[in-house]
Amino acid sequence: MNKHLIAIAVLGASLALAGCAEEPAQQTSQQHLQPIDVASVIIKPVQNWHTYTTRLEAPEEVSLMPRVAGVIEHIAFNEGDEVKQGDLLFKLDARPYAAVVASLEAQVVSAEAALSQAQSEAKRAQRLTQRKAISTEQAESRTSTLHQREAQLAALKAQLIAANLDLEFTDIRSPIDGVISRANITKGNNVLAGQSVLTSIVSNQTMYAYFDVDERTWNSSFDEVTAAAHQQVVMQKVGQNGFAHTGYIDFIDNQINAATGTLRVRARFDENTALRAGSFARIKLAANDVTEQVIVPDRAIGTDLKNRFVLTVGEGNILEYKLVTTGERYGSFRAITSGLKAGDVIAVNGPARVGPGMPISPNTVTIDTTGVAFTLSPTAQHTLMAKK
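In this text the structure is predicted, and so the values were computed from the model without any measurement.

## Thoughts on the packing of aromatic side chains
- A complete count under the given rule lists eight aromatic pairs for this structure.
- Plain terms: the ring middles of tyrosine 330 and phenylalanine 374 are 5.4 Å apart, the flat faces sit at 50 degrees to each other, and that makes the pair tilted. Here the residue tyrosine 330 occupies a position in strand β18 (residues 319-330), and phenylalanine 374 occupies one in the loop between β21 (360-364) and α5 (380-387), the gap between them amounting to 44 residues. For the pair shown, tyrosine 330 and phenylalanine 374 are each scored as buried.
- In textbook terms, an aromatic cluster arises when at least three aromatic residues are bridged by ring pairs, as seen for Trp49, Tyr330, Phe333 and Phe374.
- In this structure, arginine 266 packs its charged tip against the face of tyrosine 208, placed 3.9 Å from the ring centre.

Shown next, in the form of structure tokens:
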């Protein structure tokens, strides 16, 4: 009997001690809740973007070759400089061509004198024929000589024009505005007309970017796009983080390539000397449709095997697991196509230090999207309002 009383007394004392210890423990756990940045999701009008790879091409590119043969006498440019149309680049030895011009000029003077004499004799023969003082045959011979002298003079003048052109072509000038490469053939070397490549020039004020859009994507997202509409695109060069270069579509091919099932499209980038022909680049093109979607920081999204999830703040500041479907990325933000709705509050920094079911001490912050482009088209907002 005494043993039972002793056991009951010990049990009662233990419960009393446990009750005393429980309240401080609860207070301690409440005081040490994890402080977590939270924010309400934002809703933005967005466009889906499609990315394509390409290499930049210059609208004008020239492999400079001489029009006449000769010896290079002078190189008049600095390699790698910008040149303007008409700038002197190479000068060939002009003396042989100048001699030909001088010879032809003398022949033209002689031919003009012969023509003058033939004109006088033809006029005299016409007067003598009226007086029956010369035979018809002699008169016709003088008229024929006159026509021959006219033809000879015309031929010599044509040869003189060609000779002057050859002389002019000894000054080799830039046919376009652009950036010149190095001189492939240097001073003192002989060059052949239409064969020797002296250097190359590429235009640099405008760049083209050709890319191929598959037929299905074009029909579903860009079917209403025309070259005249100047659909906006953005471009990223290798080594750049953002898409800093803005251009527009100015050419759409007239047929689908049956072999590849793609449509050739060209984007144009104007007045940007920082771009170089041959550069690898990525082009982003926005679809026409503008929709409102939930936007969250990309870091707020966690990965669980094959799933994407976001931690939301539920009742009692308890974190909840929300399975989401992600859409397009916009800078450091991501569109959520399903799983979240307006008004949901999320853990901004994701599951880095917390997990589902964990109570937290929320620190409300604002999601700042300043400077982030969610649409490429400047009329996207108006298009969305019109649909509403």
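After that view, the rundown keeps rolling.
## Observations concerning the nonpolar core
- Ranked by internal contacts, the top residues of the largest apolar core, which has 23 residues, are Phe211, Trp218, Phe222 and Phe269.
- At the level of elements, β2 (42-57), β11 (206-214), β12 (232-237), β13 (245-252), β14 (262-270) and β15 (280-297) are the ones that each hand at least two residues to this core.
- Beyond its immediate stretch of four places on either side in the chain, phenylalanine 269 contacts Gln205, Thr206, Met207, Ala209, Val233, Met235, His245, Thr246, Gly247, Leu275 and Ile283.
- Within the second largest apolar cluster, 18 residues are counted, among which are Ile72, Leu92, Ile180 and Leu198.

## Focus on the sheet that holds strand β4 (residues 70-75)
- With respect to topology, four strands assemble into an open sheet ordered β7-β6-β4-β9, the strand pairing being antiparallel. Across the chains shown, the open sheet's two edge strands, defined by having one partner strand only, are β7 (171-173) and β9 (190-191).
- Where β4 meets strand β6 (residues 88-92), three bridges bridge the pair, whose relative direction is antiparallel. Within β6, the position partnered with isoleucine 72 by the bridge is leucine 92.

## Points about the pattern of salt bridges
- If you walk through the whole model with that rule in mind, you get 10 salt bridges.
- Aspartate 270 is the partner of arginine 268 in a salt bridge, and the nearest nitrogen-oxygen pair spans 2.6 Å.
- For aspartate 270, a relative accessible area of 32% corresponds to the partly exposed category.
- Across the pair lysine 341 and aspartate 344 runs a salt bridge, and its minimum N-O distance is 3.3 Å.
- A residue is classified by how much of its surface remains accessible, and lysine 341, at 52% relative accessible area, is exposed.
- It is possible to trace a salt-bridge network through shared partners that takes in Asp250, Arg266, Arg268 and Asp270.

## Examining a positive patch on the surface
- Taken together, the side chains of Lys123, Arg124, Arg127 and Arg131 present a region of like positive charge at the surface.
- With respect to the element layout, lysine 123 can be found in helix α2 (residues 95-130).

## Considerations on α2
- Under the 1.5 Å per step criterion, the end-to-end length of α2 is 53 Å for 36 residues, consistent within 8% with the ideal 52 Å.
- Among the residues of α2, Tyr97, Val101, Leu104, Val108, Ala111, Leu115, Ala118, Ala122, Ala125 and Leu128 are the ones counted as buried.
- Here the buried face of α2 lies against α3 (136-168).
- Where α2 ends, the next residue or the one after it, lysine 132, has phi of about 60 degrees, a positive value.

## Focus on the packing of α2 against α3
- Viewed as axis vectors pointing N to C, α2 and α3 meet at an angle of 160 degrees, and their least axial separation amounts to 8 Å. Between α2 and α3, the angle falls in the class roughly antiparallel. The two elements α2 and α3 cross, and the hand of that crossing is left-handed.
- Tallied by class, residues from the contact of α2 with α3 come to 19 nonpolar, six polar and nine charged.

## Here's the deal with unusual backbone geometry
- Positive phi, normally seen in glycine, also occurs at histidine 230, with a value near 55 degrees.
- Within the secondary structure layout, histidine 230 lies in the loop between α4 (215-221) and β12.
- For histidine 230, a relative accessible area of 43% translates into the label partly exposed.
- Of note, leucine 305 is a non-glycine position whose phi angle comes to about 55 degrees, a positive value.
- As for its position among the elements, leucine 305 is in the loop between β16 (301-304) and β17 (307-313).
- Among the residues examined, leucine 305 registers a relative accessible area of 81% and is labelled exposed.

## Quick look at a negative patch on the surface
- A cluster of acidic residues, Glu60, Asp81, Glu82, Asp87 and Asp177, forms a negative patch at the surface.
- Looking at the secondary structure, you find glutamate 60 in the loop between β2 and β3 (61-64).
- Of the residues examined, glutamate 60 reaches a relative accessible area of 40% and is grouped as partly exposed.

## Looking at the sheet that holds strand β10 (residues 199-202)
- Spatial ordering of the open sheet is given by β3-β10-β8-β5, a layout of four strands whose pairing is antiparallel. Each edge of the open sheet carries a strand with a single partner, namely β3 and β5 (82-83).

## Some details on the pairing of β4
- When β4 meets β9, the two strands line up antiparallel, connected through two bridges. The residue bridging valine 71 from the neighbouring strand is asparagine 190, located in β9.

## Regarding the environment of lysine 157
- Topologically, lysine 157 is positioned in helix α3.
- Taking relative accessible area as the criterion, lysine 157 reaches 40% and is therefore assigned partly exposed.
- Sequence spacing of lysine 157 and glutamine 107 is 50 residues, and the spatial spacing of their C-alpha atoms is 9.1 Å.
- Apart from residues lying up to four places away in sequence, lysine 157 is in contact with Val108 and Glu112.

Cut-offs and rules
Residues numbered from 1 in each chain as written. Predicted model: local features only at pLDDT ≥ 70, side-chain atom pairs only at ≥ 80, totals over all residues. Heavy atoms only, no water. Phe/Tyr/Trp six-rings, centres within 6.5 Å; stacked < 30°, edge-to-face > 60°. Helix = DSSP H or I, 4+ residues; strand = E, 2+ residues; numbered from the N terminus. Buried < 20%, exposed > 50% of the residue type's maximum accessible area, 1.4 Å probe, protein only. Lys NZ or Arg CZ within 6 Å of the ring centre and 35° of its normal. Core = buried A, V, L, I, M, F, W, Y, C linked by side-chain atoms within 4.5 Å. Contact = heavy atoms within 4.5 Å. Pairing = 2+ DSSP bridges. Salt bridge = Lys/Arg side-chain N within 4 Å of Asp/Glu carboxyl O. Patch = residues over 30% accessible without salt bridge, like charges linked within 9 Å, V, L, I, M, F, W, Y side chains within 5 Å. Areas by Shrake-Rupley, 256 points an atom, 1.4 Å probe, with all protein chains shown as cover. Lys, Arg positive; Asp, Glu negative; His and termini not counted. Charge placed at Lys NZ, Arg CZ, Asp CG, Glu CD. Expected span 1.5 Å × (residues − 1). Axes fitted to C-alpha atoms, helices over the stretch in contact; angles between N-to-C directions. Parallel < 35°, antiparallel > 145°, perpendicular 65-115°, else oblique. Left-handed = near helix turned anticlockwise from the far one by under 90°. Nonpolar A, V, L, I, M, F, W, Y, C, P; charged D, E, K, R; others polar.

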